[in-house]
Amino acid sequence: LEQGRSQLNELKADEELAGYAPLALGEAERALRQAEAASGDTQRIHLGSMADRRIQIARSIAQREQLEQELDRLGRERNELLVKASQAEADQARREAERARMMSQATAEDAERARRVASLTAVGTRAACCGLAASSRCRTVSDAFASSFR
C-alpha cells in the first residue's frame, strides 16, 4: 500500500499528466483509501492490488490523453504547413505565369517591331524601285528631247 500511495502521489505531482485524467485519479485515490481502511489482510491485499490497477489505469489514461492532444496539435501544425506550402506553390505559379506573360508580351513587341521594319523596308524598296524607274524614264525623255535637237 505504501508503494501504491507513493505511485499515486507521484502521478498527482506530475504536472504534465495529472490534469489529463482527473476522474481516473479520483477512482485510484478511492480504491487506495478503501485498501488502507480494510480490516483483514486478505481483503487489504486484494483491495491494494485493485488500487494498484486503478493507479496504472489512471497513468495510462493520462498518458493516452496527453498523446492524443499532442497528436491533435501535430495534426493542426501539419495542416498549417500544408496550407503554407500550397500558398507558396500558388505564389510560385503566379510568379511563373507573370514571367511567361512578360516574355510573351516582349516576344509580341519584338514581332511587331520586326513587322514594322519589314514594312518600312518594303516601302523603301518600292520607293527606290520607283525612283530608279523614274530615273530611267527621265533619261529616256531627256535622250529623246536631246535627239530632237540634233
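As the structure is a computational prediction, the values presented were derived from the model and not from experiment.

K.L.:
Let's hear about helix α1 (residues 2-13): which residues, and what values?
P.N.:
Taking 1.5 Å as the rise per residue, α1 with 12 residues should run 16 Å; its terminal C-alpha atoms sit 16 Å apart, in good agreement. Inspection of α1 places Gly4, Leu8 and Leu11 among the buried residues, and these make up the whole buried set. Viewed end-on, α1 has its buried residues packed into an arc of 60°, placing them on one side of the element. Facing away from the buried side of α1 by over 90 degrees, the exposed positions are Glu2, Gln3, Glu10 and Ala13.

K.L.:
Tell me about the nonpolar core, and please be specific about residues and values.
P.N.:
Ranked by internal contacts, the top residues of the largest apolar core, which has 14 residues, are Leu8, Leu11, Leu25 and Ala58. Among the elements that make up this core, the one with the highest residue count is helix α2 (residues 22-37) (five residues). What Leu11 contacts, discounting residues up to four positions off in sequence, is Leu17, Ala18, Leu25, Ile55, Ala58 and Arg59.

K.L.:
Give a detailed account of α2, specifying residues and quantitative values.
P.N.:
An ideal rise of 1.5 Å per residue puts 22 Å on 16 residues; α2 measures up with 22 Å between its terminal C-alpha atoms. Among the residues of α2, Ala24, Leu25, Ala28, Glu29, Ala31, Leu32 and Ala35 are the ones counted as buried. Looking straight down α2, one finds its buried side chains confined to an arc of 165°; they lie on one side. Of the exposed residues in α2, those oriented more than 90 degrees away from the buried face are Pro22, Leu23 and Ala37.

K.L.:
Can you explain the confidence of the model for the protein? Please cite residues and give values.
P.N.:
A low pLDDT score tells you not to read the predicted coordinates there in detail. In the predicted model, the protein carries a mean pLDDT of 85, and 81% of its residues have values of at least 70. Within the protein, helix α3 (residues 41-148) has the poorest average pLDDT of any element, 84, and α2 the best, 91.

K.L.:
A description of the pattern of salt bridges should follow, citing residues and the corresponding values.
P.N.:
Across all of its chains, the model carries 15 salt bridges by this definition. For the salt bridge of Arg64 with Glu65, the shortest nitrogen-to-oxygen distance reads 3.1 Å. Classification of Glu65 by relative accessible area gives partly exposed; the value is 23%. One salt bridge in this structure joins Glu112 and Arg115, with 2.5 Å as the shortest N-O distance. Here Glu112 and its partner Arg115 are both found in helix α3, three residues apart, which amounts to about one turn of the helix. A relative accessible area of 28% means that Glu112 is categorised as partly exposed. One salt-bridge network, in which partners are shared between bridges, spans Arg5, Lys12, Glu29, Arg33 and Glu36.

K.L.:
So what's going on with the packing of α1 against α2? Which residues, and what values?
P.N.:
Axis separation between α1 and α2 bottoms out at 11 Å; the angle between their running directions is 160°. It follows from the interaxial angle that α1 and α2 lie roughly antiparallel. In this structure, the crossing between α1 and α2 has a hand that is left-handed. Here Gly4, Arg5, Leu8, Leu11 and Lys12 of α1 come into contact with α2, specifically with Leu25, Ala28, Glu29, Leu32, Arg33 and Glu36. For the contact of α1 with α2, the class distribution of residues is five nonpolar, one polar and five charged.

Definitions and cut-offs
- Residues numbered from 1 in each chain as written.
- Predicted model: local features only at pLDDT ≥ 70, side-chain atom pairs only at ≥ 80, totals over all residues.
- Heavy atoms only, no water.
- Helix = DSSP H or I, 4+ residues; strand = E, 2+ residues; numbered from the N terminus.
- Expected span 1.5 Å × (residues − 1).
- Buried < 20%, exposed > 50% of the residue type's maximum accessible area, 1.4 Å probe, protein only.
- Arc of directions from axis to C-beta.
- Core = buried A, V, L, I, M, F, W, Y, C linked by side-chain atoms within 4.5 Å.
- Contact = heavy atoms within 4.5 Å.
- pLDDT = per-residue confidence, 0-100.
- Salt bridge = Lys/Arg side-chain N within 4 Å of Asp/Glu carboxyl O.
- Axes fitted to C-alpha atoms, helices over the stretch in contact; angles between N-to-C directions.
- Parallel < 35°, antiparallel > 145°, perpendicular 65-115°, else oblique.
- Left-handed = near helix turned anticlockwise from the far one by under 90°.
- Nonpolar A, V, L, I, M, F, W, Y, C, P; charged D, E, K, R; others polar.

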